[in-house]
Amino acid sequence: MQGEKLRWGIISTGNIASDFCADMTFVDNGELVAVGSRNIESAHAFADKFNISNAYADYQSVYDDPNVDIIYVATPHNFHFENVRDALMAGKHVLCEKPITVSSEESQQLFDLAKQKQLFLMEAMWTYFLPAIVKAQQWVTEGRIGKVKQIKADFGYPMPYQLESRVYREDLAGGCLLDMGIYPLAISTLFTDAELDNFYVKPQFAPNGVEDDLVMLANAGDVHLTLGTSFQCKLHNWAIIIGEKGSVVIPDFWRAKSCELYHSDDLVDSFQDNRQSIGLNYEAQAAGEAVLAHKLEHPNMTHAVSQQLQKQMEAIKSTYKK
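Attention in this report is confined to the structure presented alongside it. (Residues numbered from 1 in each chain as written. Predicted model: local features only at pLDDT ≥ 70, side-chain atom pairs only at ≥ 80, totals over all residues. Heavy atoms only, no water.)

**Thoughts on the packing of helix α5 (residues 104-117) against helix α9 (residues 303-317)**
Here α5 crosses α9 at 165°, and the two axes come no closer than 9 Å. Comparing their axes, α9 and α5 come out roughly antiparallel. In terms of crossing hand, the pair formed by α5 and α9 is left-handed. Residues Ser104, Glu105, Ser107, Gln108, Phe111 and Lys115 of α5 form the contact with α9, whose participating residues are His303, Ser306, Gln307, Gln310, Lys311 and Glu314. (Axes fitted to C-alpha atoms, helices over the stretch in contact; angles between N-to-C directions. Helix = DSSP H or I, 4+ residues; strand = E, 2+ residues; numbered from the N terminus. Parallel < 35°, antiparallel > 145°, perpendicular 65-115°, else oblique. Left-handed = near helix turned anticlockwise from the far one by under 90°. Contact = heavy atoms within 4.5 Å.)

Set out below in C-alpha coordinates:
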(Lines give C-alpha, C1' and ligand atoms only; values in the text may rest on other atoms or scores of the structure.)
Protein backbone atom coordinates (compact mmCIF):
# COMPACT_ATOMS: atom_id res chain seq x y z
CA MET A 1 0.00 0.00 0.00
CA GLN A 2 1.22 3.45 -0.91
CA GLY A 3 1.16 5.82 2.05
CA GLU A 4 -2.32 6.19 3.50
CA LYS A 5 -4.24 5.75 0.24
CA LEU A 6 -5.59 2.41 -0.89
CA ARG A 7 -5.42 1.62 -4.58
CA TRP A 8 -8.72 0.18 -5.81
CA GLY A 9 -9.32 -2.29 -8.62
CA ILE A 10 -12.87 -2.51 -9.99
CA ILE A 11 -14.42 -5.75 -11.24
CA SER A 12 -17.26 -5.17 -13.76
CA THR A 13 -18.34 -1.99 -15.51
CA GLY A 14 -22.09 -2.11 -14.81
CA ASN A 15 -24.34 0.49 -13.19
CA ILE A 16 -23.40 -0.16 -9.56
CA ALA A 17 -19.68 -0.11 -10.42
CA SER A 18 -20.22 3.21 -12.17
CA ASP A 19 -22.02 4.67 -9.13
CA PHE A 20 -19.27 3.41 -6.83
CA CYS A 21 -16.53 4.99 -8.91
CA ALA A 22 -18.42 8.27 -9.15
CA ASP A 23 -18.57 8.37 -5.35
CA MET A 24 -14.83 7.69 -4.99
CA THR A 25 -14.48 11.45 -5.58
CA PHE A 26 -15.65 11.83 -1.96
CA VAL A 27 -13.23 9.23 -0.52
CA ASP A 28 -9.95 10.64 0.82
CA ASN A 29 -8.20 7.35 1.61
CA GLY A 30 -8.50 5.66 -1.77
CA GLU A 31 -7.93 6.05 -5.49
CA LEU A 32 -9.00 4.13 -8.59
CA VAL A 33 -6.12 2.46 -10.43
CA ALA A 34 -7.52 -0.49 -12.40
CA VAL A 35 -10.71 -1.86 -13.92
CA GLY A 36 -11.53 -5.22 -15.48
CA SER A 37 -14.35 -6.10 -17.86
CA ARG A 38 -15.27 -8.99 -20.12
CA ASN A 39 -14.25 -6.94 -23.15
CA ILE A 40 -11.54 -4.38 -23.56
CA GLU A 41 -13.79 -1.76 -25.16
CA SER A 42 -15.98 -1.56 -22.07
CA ALA A 43 -12.92 -1.49 -19.82
CA HIS A 44 -11.33 1.37 -21.78
CA ALA A 45 -14.56 3.38 -21.88
CA PHE A 46 -15.01 2.95 -18.13
CA ALA A 47 -11.38 3.82 -17.43
CA ASP A 48 -11.65 6.97 -19.54
CA LYS A 49 -14.84 8.02 -17.75
CA PHE A 50 -13.30 7.71 -14.29
CA ASN A 51 -9.67 8.51 -15.09
CA ILE A 52 -8.45 5.00 -14.25
CA SER A 53 -4.93 4.28 -15.46
CA ASN A 54 -5.17 0.54 -16.16
CA ALA A 55 -7.96 -1.20 -18.11
CA TYR A 56 -8.06 -4.97 -18.56
CA ALA A 57 -10.17 -7.34 -20.70
CA ASP A 58 -10.38 -9.86 -17.87
CA TYR A 59 -10.64 -9.92 -14.07
CA GLN A 60 -7.54 -11.95 -13.24
CA SER A 61 -5.30 -9.17 -14.55
CA VAL A 62 -6.83 -6.81 -11.99
CA TYR A 63 -6.23 -9.33 -9.20
CA ASP A 64 -2.62 -9.78 -10.34
CA ASP A 65 -1.88 -6.06 -10.75
CA PRO A 66 0.82 -5.24 -8.15
CA ASN A 67 -0.48 -1.67 -7.93
CA VAL A 68 -3.90 -2.82 -6.64
CA ASP A 69 -4.48 -3.13 -2.88
CA ILE A 70 -8.23 -3.76 -2.69
CA ILE A 71 -10.85 -5.11 -5.11
CA TYR A 72 -14.45 -3.94 -5.47
CA VAL A 73 -16.59 -6.76 -6.88
CA ALA A 74 -19.71 -5.56 -8.71
CA THR A 75 -20.59 -8.56 -10.89
CA PRO A 76 -23.95 -10.42 -10.79
CA HIS A 77 -24.66 -12.32 -7.56
CA ASN A 78 -23.77 -15.80 -8.75
CA PHE A 79 -20.25 -14.74 -9.78
CA HIS A 80 -19.38 -13.24 -6.39
CA PHE A 81 -17.99 -16.44 -4.90
CA GLU A 82 -15.58 -17.03 -7.78
CA ASN A 83 -14.55 -13.37 -8.04
CA VAL A 84 -13.94 -12.89 -4.31
CA ARG A 85 -12.10 -16.21 -4.01
CA ASP A 86 -9.79 -15.34 -6.90
CA ALA A 87 -9.10 -11.86 -5.51
CA LEU A 88 -8.27 -13.27 -2.07
CA MET A 89 -6.05 -15.95 -3.58
CA ALA A 90 -4.15 -13.14 -5.33
CA GLY A 91 -3.59 -11.46 -1.97
CA LYS A 92 -6.08 -8.61 -2.35
CA HIS A 93 -8.49 -7.17 0.18
CA VAL A 94 -12.11 -7.24 -1.01
CA LEU A 95 -15.32 -5.25 -0.81
CA CYS A 96 -18.06 -7.30 -2.52
CA GLU A 97 -21.54 -6.19 -3.54
CA LYS A 98 -24.52 -7.64 -1.73
CA PRO A 99 -25.49 -10.40 -1.45
CA ILE A 100 -21.92 -11.51 -0.95
CA THR A 101 -22.80 -14.99 -2.25
CA VAL A 102 -25.93 -17.02 -3.00
CA SER A 103 -25.56 -19.44 -0.07
CA SER A 104 -24.26 -19.45 3.49
CA GLU A 105 -21.93 -22.32 2.59
CA GLU A 106 -20.23 -20.21 -0.09
CA SER A 107 -19.93 -17.13 2.10
CA GLN A 108 -18.48 -19.13 4.99
CA GLN A 109 -15.82 -20.50 2.66
CA LEU A 110 -14.87 -16.97 1.65
CA PHE A 111 -14.72 -15.69 5.22
CA ASP A 112 -12.57 -18.66 6.21
CA LEU A 113 -10.25 -18.00 3.26
CA ALA A 114 -9.98 -14.29 4.10
CA LYS A 115 -8.99 -15.10 7.67
CA GLN A 116 -6.51 -17.71 6.48
CA LYS A 117 -4.94 -15.16 4.12
CA GLN A 118 -5.19 -12.38 6.75
CA LEU A 119 -7.10 -10.18 4.31
CA PHE A 120 -10.01 -7.79 4.78
CA LEU A 121 -13.35 -8.91 3.35
CA MET A 122 -16.68 -7.12 3.66
CA GLU A 123 -20.09 -7.35 2.05
CA ALA A 124 -20.95 -3.94 0.60
CA MET A 125 -24.04 -3.19 2.69
CA TRP A 126 -23.78 0.55 2.01
CA THR A 127 -26.99 1.27 3.91
CA TYR A 128 -25.27 0.47 7.22
CA PHE A 129 -22.74 3.28 6.69
CA LEU A 130 -25.11 6.09 5.72
CA PRO A 131 -25.14 8.98 8.24
CA ALA A 132 -28.95 8.89 8.58
CA ILE A 133 -28.86 5.20 9.50
CA VAL A 134 -26.06 5.84 12.00
CA LYS A 135 -28.15 8.66 13.52
CA ALA A 136 -31.24 6.41 13.72
CA GLN A 137 -29.15 3.78 15.52
CA GLN A 138 -27.92 6.43 17.94
CA TRP A 139 -31.50 7.49 18.81
CA VAL A 140 -32.54 3.89 19.43
CA THR A 141 -29.41 3.12 21.48
CA GLU A 142 -30.05 6.22 23.60
CA GLY A 143 -33.49 4.87 24.43
CA ARG A 144 -35.37 7.72 22.79
CA ILE A 145 -38.11 5.40 21.51
CA GLY A 146 -37.92 2.95 24.39
CA LYS A 147 -37.80 -0.78 23.84
CA VAL A 148 -38.18 -1.73 20.17
CA LYS A 149 -41.45 -3.59 19.59
CA GLN A 150 -42.00 -3.63 15.82
CA ILE A 151 -40.04 -3.03 12.64
CA LYS A 152 -41.71 -2.38 9.30
CA ALA A 153 -39.64 -2.17 6.13
CA ASP A 154 -40.10 -2.83 2.45
CA PHE A 155 -38.23 -2.26 -0.77
CA GLY A 156 -39.62 -2.74 -4.24
CA TYR A 157 -39.67 -1.25 -7.72
CA PRO A 158 -41.52 -2.50 -10.80
CA MET A 159 -39.17 -4.53 -12.98
CA PRO A 160 -40.75 -5.60 -16.30
CA TYR A 161 -40.61 -9.35 -16.79
CA GLN A 162 -37.91 -10.05 -19.37
CA LEU A 163 -36.20 -13.42 -19.50
CA GLU A 164 -32.93 -11.83 -20.64
CA SER A 165 -32.91 -9.42 -17.67
CA ARG A 166 -30.31 -10.16 -14.99
CA VAL A 167 -32.86 -9.77 -12.19
CA TYR A 168 -35.09 -12.53 -13.63
CA ARG A 169 -32.48 -14.98 -14.87
CA GLU A 170 -32.29 -18.10 -12.72
CA ASP A 171 -28.71 -18.73 -13.85
CA LEU A 172 -27.73 -15.31 -12.45
CA ALA A 173 -29.47 -15.90 -9.09
CA GLY A 174 -32.40 -13.69 -10.07
CA GLY A 175 -35.47 -12.88 -8.00
CA CYS A 176 -36.50 -10.02 -5.75
CA LEU A 177 -35.31 -11.62 -2.49
CA LEU A 178 -31.57 -11.50 -3.20
CA ASP A 179 -31.76 -8.34 -5.29
CA MET A 180 -34.00 -6.11 -3.14
CA GLY A 181 -35.27 -8.20 -0.22
CA ILE A 182 -31.88 -8.26 1.43
CA TYR A 183 -32.39 -4.58 2.33
CA PRO A 184 -35.47 -5.01 4.57
CA LEU A 185 -33.77 -8.02 6.17
CA ALA A 186 -30.59 -6.00 6.73
CA ILE A 187 -32.37 -3.04 8.34
CA SER A 188 -34.31 -5.30 10.69
CA THR A 189 -31.11 -7.16 11.59
CA LEU A 190 -29.43 -3.84 12.37
CA PHE A 191 -32.03 -2.97 15.01
CA THR A 192 -32.53 -6.42 16.55
CA ASP A 193 -30.19 -8.86 18.22
CA ALA A 194 -32.21 -12.07 18.03
CA GLU A 195 -32.44 -14.62 15.22
CA LEU A 196 -35.61 -14.63 13.13
CA ASP A 197 -38.26 -17.24 13.82
CA ASN A 198 -42.00 -17.85 13.40
CA PHE A 199 -41.78 -17.08 9.70
CA TYR A 200 -44.85 -16.50 7.61
CA VAL A 201 -43.81 -16.00 4.00
CA LYS A 202 -46.15 -15.22 1.12
CA PRO A 203 -44.29 -15.25 -2.23
CA GLN A 204 -45.48 -14.77 -5.78
CA PHE A 205 -43.55 -16.06 -8.75
CA ALA A 206 -42.71 -14.87 -12.25
CA PRO A 207 -43.52 -17.24 -15.14
CA ASN A 208 -40.01 -18.72 -15.02
CA GLY A 209 -40.32 -19.51 -11.31
CA VAL A 210 -38.22 -16.82 -9.60
CA GLU A 211 -39.98 -14.87 -6.87
CA ASP A 212 -41.12 -11.41 -7.95
CA ASP A 213 -43.12 -10.37 -4.89
CA LEU A 214 -42.70 -11.33 -1.25
CA VAL A 215 -44.32 -10.47 2.06
CA MET A 216 -42.89 -11.79 5.32
CA LEU A 217 -43.95 -11.72 8.93
CA ALA A 218 -41.46 -12.91 11.54
CA ASN A 219 -40.23 -12.46 15.08
CA ALA A 220 -36.76 -11.47 16.23
CA GLY A 221 -37.04 -12.30 19.90
CA ASP A 222 -40.03 -10.27 21.04
CA VAL A 223 -39.76 -7.79 18.15
CA HIS A 224 -42.38 -8.25 15.42
CA LEU A 225 -41.22 -7.76 11.82
CA THR A 226 -43.31 -6.89 8.77
CA LEU A 227 -41.13 -6.95 5.66
CA GLY A 228 -41.73 -6.89 1.93
CA THR A 229 -40.03 -6.75 -1.44
CA SER A 230 -41.29 -6.71 -5.00
CA PHE A 231 -40.53 -6.54 -8.70
CA GLN A 232 -44.27 -6.16 -9.40
CA CYS A 233 -44.78 -2.69 -7.96
CA LYS A 234 -43.16 0.23 -6.19
CA LEU A 235 -43.44 -0.22 -2.44
CA HIS A 236 -43.23 2.57 0.14
CA ASN A 237 -39.50 1.83 0.61
CA TRP A 238 -39.45 3.24 4.13
CA ALA A 239 -38.31 1.65 7.38
CA ILE A 240 -40.09 2.38 10.64
CA ILE A 241 -38.56 1.35 13.95
CA ILE A 242 -41.36 1.36 16.53
CA GLY A 243 -40.73 1.46 20.24
CA GLU A 244 -42.79 1.76 23.41
CA LYS A 245 -42.18 5.53 23.61
CA GLY A 246 -41.95 6.53 19.98
CA SER A 247 -40.74 5.65 16.52
CA VAL A 248 -37.94 6.37 14.06
CA VAL A 249 -39.03 6.88 10.46
CA ILE A 250 -36.46 6.46 7.67
CA PRO A 251 -37.69 7.44 4.18
CA ASP A 252 -36.07 5.47 1.34
CA PHE A 253 -34.05 3.70 4.03
CA TRP A 254 -31.88 1.71 1.61
CA ARG A 255 -30.31 4.98 0.37
CA ALA A 256 -31.36 7.07 3.39
CA LYS A 257 -30.58 10.78 3.43
CA SER A 258 -32.77 11.62 6.43
CA CYS A 259 -34.56 10.23 9.46
CA GLU A 260 -37.19 11.51 11.86
CA LEU A 261 -37.94 10.80 15.51
CA TYR A 262 -41.55 10.83 16.70
CA HIS A 263 -43.22 10.61 20.08
CA SER A 264 -46.75 9.59 19.20
CA ASP A 265 -47.72 11.97 16.37
CA ASP A 266 -45.24 14.66 17.34
CA LEU A 267 -41.99 15.17 15.46
CA VAL A 268 -39.34 15.72 18.16
CA ASP A 269 -36.09 15.41 16.20
CA SER A 270 -34.87 15.07 12.63
CA PHE A 271 -31.65 14.59 10.69
CA GLN A 272 -30.65 15.38 7.10
CA ASP A 273 -27.20 14.56 5.75
CA ASN A 274 -27.26 17.04 2.81
CA ARG A 275 -24.74 14.89 0.97
CA GLN A 276 -23.71 15.51 -2.61
CA SER A 277 -22.76 11.90 -3.25
CA ILE A 278 -24.92 8.89 -4.03
CA GLY A 279 -23.79 7.48 -0.67
CA LEU A 280 -21.49 4.63 -1.63
CA ASN A 281 -18.49 6.68 -0.52
CA TYR A 282 -19.24 6.00 3.16
CA GLU A 283 -18.73 2.25 2.83
CA ALA A 284 -15.63 2.76 0.66
CA GLN A 285 -14.14 5.16 3.19
CA ALA A 286 -14.94 2.75 6.05
CA ALA A 287 -13.45 -0.23 4.21
CA GLY A 288 -10.31 1.78 3.56
CA GLU A 289 -10.01 2.81 7.19
CA ALA A 290 -10.35 -0.82 8.29
CA VAL A 291 -7.70 -2.06 5.87
CA LEU A 292 -5.28 0.71 6.83
CA ALA A 293 -5.84 -0.22 10.49
CA HIS A 294 -5.00 -3.86 9.63
CA LYS A 295 -8.50 -5.13 10.47
CA LEU A 296 -9.94 -8.21 8.79
CA GLU A 297 -13.58 -7.08 9.14
CA HIS A 298 -15.48 -3.89 9.84
CA PRO A 299 -17.53 -3.73 13.07
CA ASN A 300 -20.49 -2.17 11.20
CA MET A 301 -20.73 -5.10 8.78
CA THR A 302 -19.09 -8.18 10.20
CA HIS A 303 -18.76 -11.63 8.68
CA ALA A 304 -21.29 -12.85 11.25
CA VAL A 305 -23.92 -10.37 10.07
CA SER A 306 -23.39 -11.41 6.46
CA GLN A 307 -23.78 -15.05 7.48
CA GLN A 308 -26.95 -14.17 9.38
CA LEU A 309 -28.44 -12.52 6.28
CA GLN A 310 -27.48 -15.49 4.11
CA LYS A 311 -29.20 -17.90 6.49
CA GLN A 312 -32.28 -15.69 6.69
CA MET A 313 -32.65 -15.73 2.91
CA GLU A 314 -32.15 -19.49 2.84
CA ALA A 315 -34.84 -19.92 5.51
CA ILE A 316 -37.24 -17.76 3.50
CA LYS A 317 -36.59 -19.70 0.28
CA SER A 318 -37.12 -22.99 2.12
CA THR A 319 -40.77 -22.02 2.71
CA TYR A 320 -41.57 -21.61 -1.01
CA LYS A 321 -44.22 -23.91 -2.46
CA LYS A 322 -44.34 -23.14 -6.16
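Next comes the rest of the write-up.
**Describing the sheet that holds strand β4 (residues 70-73)**
Here we have 6 strands laid out as an open sheet, ordered β3-β2-β1-β4-β5-β6, and parallel in their pairing. Two strands in the sheet have a free side with no partner beyond their single neighbour: β3 (54-56) and β6 (121-124). Along the sheet, successive strands turn relative to each other by an average axial angle of 25°, direction set aside. Set on the sheet, helix α4 (residues 80-89) makes contact with β1 (6-11), β4, β5 (93-97) and β6; between it and β5 the angle comes to about 170°. (Pairing = 2+ DSSP bridges.)

**Digging into the state of the cysteines**
Under the definition given, this model contains 0 disulfides. No disulfide involves cysteine 96; its sulfur sits 15 Å from the nearest other cysteine sulfur, which is in cysteine 21. With relative accessibility at 0%, the residue cysteine 96 sits in the buried group. With no disulfide of its own, cysteine 233 has cysteine 176 as its nearest cysteine by sulfur position, at a separation of 9.7 Å. (Disulfide = S-S within 2.5 Å. Buried < 20%, exposed > 50% of the residue type's maximum accessible area, 1.4 Å probe, protein only.)

**Section: α5**
With 14 residues, α5 extends 20 Å from end C-alpha to end C-alpha; this agrees with the ideal 20 Å at 1.5 Å per step. Looking one or two residues beyond α5, the residue adopting positive phi is glutamine 118, at roughly 60°. (Expected span 1.5 Å × (residues − 1).)

**Some words on the nonpolar core**
Ranked by internal contacts, the top residues of the largest apolar core, which has 84 residues, are Trp8, Ile10, Phe20, Leu185, Val248, Ile250 and Phe253. Sort the elements by how many residues they give to this core and helix α7 (residues 176-190) lands first, with 9 residues. If sequence neighbours within four positions are ignored, phenylalanine 20 has contacts with Trp8, Ile10, Tyr72, Leu95, Leu280, Glu283 and Ala284. (Core = buried A, V, L, I, M, F, W, Y, C linked by side-chain atoms within 4.5 Å.)

**Topic: the sheet that holds strand β13 (residues 258-263)**
An order of β8-β9-β10-β7-β11-β12-β13-β14 is seen for the 8 strands of this open sheet, with the pairing classed as mixed. The open sheet has two edge strands with one neighbour each: β8 (196-205) and β14 (266-272). This sheet shows a mean twist of 10° between the axes of neighbouring strands, independent of strand direction. Pairing of strand β11 (residues 239-243) with strand β12 (residues 247-250), which is carried by 4 bridges, proceeds in the antiparallel orientation. Of the residues in β12, the one forming a bridge with isoleucine 242 is serine 247. In the packing of helix α6 (residues 131-141) onto the sheet, the strands contacted are β7 (148-156), β11, β12, β13 and β14, and the crossing angle to β13 comes to about 25°. Set on the sheet, α7 makes contact with β7, β8, β9 (211-220), β10 (223-230) and β11; between it and β10 the angle comes to about 155°.

**Description of the environment of leucine 214**
The topology assignment puts leucine 214 in strand β9. Remark: the alpha-carbon pair of leucine 214 and aspartate 154, spanning 60 residues in sequence, is separated by 9.6 Å. In this structure leucine 214 touches Cys176, Leu177, Val201, Lys202, Pro203, Leu227, Gly228, Thr229, Ile316 and Tyr320, once residues within four positions along its chain are discounted.

**Let's talk about the pattern of salt bridges**
Opposite charge on two side chains permits them to pair, given that their charged atoms come into close proximity. Inspection of every chain in the model, using the stated rule, returns 10 salt bridges. The closest approach of N and O atoms between aspartate 179 and arginine 166, which form a salt bridge, is 3.0 Å. A residue pair is termed long-range when its members are at least 10 positions apart, and aspartate 179 in helix α7 and arginine 166 in the loop between β7 and α7 qualify at 13 residues. Overall, the relative accessible area of 32% leaves arginine 166 in the partly exposed class. (Salt bridge = Lys/Arg side-chain N within 4 Å of Asp/Glu carboxyl O.)

**Comments concerning the environment of glycine 14**
Following the sequence through the fold, glycine 14 ends up in the loop between β1 and α1 (15-23). Each C-alpha atom, one on glycine 14 and one on glycine 30, is 20 Å from the other, the two residues being 16 residues apart in sequence.

**So, the pairing of β5**
Within β5, 5 of the 5 residues are buried, which leaves the element mostly enclosed by the surrounding structure. The two faces of β5 match: His93, Leu95 and Glu97 on one face and Val94 and Cys96 on the other face are all buried. Where β4 lies against β5, 4 bridges are found, and the strand directions are parallel. Considered in β5, the bridge of tyrosine 72 is made with leucine 95. For the crossover that starts at β4, traverses α4 and ends in the parallel β5, the hand is right-handed. Taken together, the 4 bridges between β5 and β6 define a ladder with parallel strand orientation. Note that in β6 the partner of leucine 95 across the bridge is methionine 122. Note that the unit made of β5, α5 and β6 has a crossover that is right-handed. (Right-handed = clockwise from strand over helix to strand, strands pointing away.)

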